[in-house]
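# Working through the structure, step by step
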Amino acid sequence: MKKKFIDNCYNFIVNYEDCDDLKTKKIRYGLETIYNLLTKLIVLTILTLWLNIFKDFILLVVCYSLARRYAYGLHAKTSIACWITTLPIYLLGCYIIHYVSIPNYLVYSLWSFSFLSFLLWAPADTPQRPLIHENIRKKQKIKACTICLIYLLLIGLQISFVTSACIYSLLIQSICINPITYKLTHTPFDNYKIYGKTHGLNY
């Protein structure tokens with residue numbers, strides 16, 4: 001079903017637009033991301049409604065999506081791996097938001113770690129989507145760090161569930177862009193450099 005969805009959508013797109021090798025990879029990568037996102041969203045919605053943590057799920061989706069939107073980061077290599085990691089991450093996050101009040105000293109320590117991670121490693125690209133243009137990488141880094149600063153302002157409101165959602169989202173995203181995580185999962189880091197060497201370009 002997944003392959004059929006991607007193939008049908010891709011064939012529709014190429015009827016109206018010429019695609020080189022890199023653009024083809026980006027389109028297929030994007031379509032796969034959309035399919036995975038929709039299926040996981042449906043399953044998680046059903047689960048969180050059943051567990052009575054749906055409001056926490058919505059808040060977590062918003063907070064995490066904004067953090068990931070500009071910082072990018074590691075993706076699971078297979079659909080099964082994606083499911084195995086995504087479900088626990090979201091369900092655990094919902095329970096933390098709903099039930100856990102994080103001490104201030106830990107909140108600001110985790111925020112500092114996350115902000116430093118964003119400064120050092122965001123945006124972290126993938127082999128399927130190398131960020132080959134330096135100006136785009138700089139803009140995405142600025143946007144990612146801005147989101148991190150906005151979350152600091154939200155944390156300052158001292159609303160427990162909002163603080164938990166912001167910190168949890170930043171922490172998970174920091175792990176996803178960390179070079180150690182890439183190394184542990186045997187995924188190349190700074191893929192724009194690899195792409196540049198392969199194609200004889202200097203980015």
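What comes next is a walk through the structure. (Residues numbered from 1 in each chain as written. Predicted model: local features only at pLDDT ≥ 70, side-chain atom pairs only at ≥ 80, totals over all residues. Heavy atoms only, no water.)

## Side note on the packing of aromatic side chains
We describe a pair of aromatic rings using the distance from one ring centre to the other and the angle between the two ring planes. So the rule is basically this: The criterion for an aromatic pair is that two Phe, Tyr or Trp rings (for Trp, the six-membered ring) have centres within 6.5 Å, with stacked assigned to planes under 30 degrees apart, edge-to-face to planes over 60 apart and tilted to the rest. Helix numbers and strand numbers start at the N terminus; a helix is a DSSP run of H or I with at least 4 residues, a strand a run of E with at least 2. Exposure is judged per residue with a 1.4 Å probe applied to protein chains only, and the accessible area is read against the type maximum: over 50% gives exposed, under 20% gives buried, and values in between give partly exposed.
The full count for this structure, using the stated rule, is six aromatic pairs. Geometrically, the ring pair formed by Tyr-95 and Tyr-99 is stacked, given 5.8 Å between the ring centres and 15° between the ring planes. Taken together, the residues Tyr-95 and Tyr-99, both in helix H4 (residues 79–99) and four residues apart, mark about one turn of the helix. A relative accessible area of 58% means that Tyr-99 is categorised as exposed. Geometrically, the ring pair formed by Trp-111 and Phe-115 is stacked, given 5.1 Å between the ring centres and 10° between the ring planes. Of the two residues, Trp-111 and Phe-115 both sit in helix H5 (residues 104–121), four residues apart, roughly one turn of that helix. Look at Trp-111 and you get buried, because its relative accessible area is 10%. Through pairs of rings, three or more aromatic residues link up here, namely Phe-54, Phe-57, Tyr-64 and Tyr-90.

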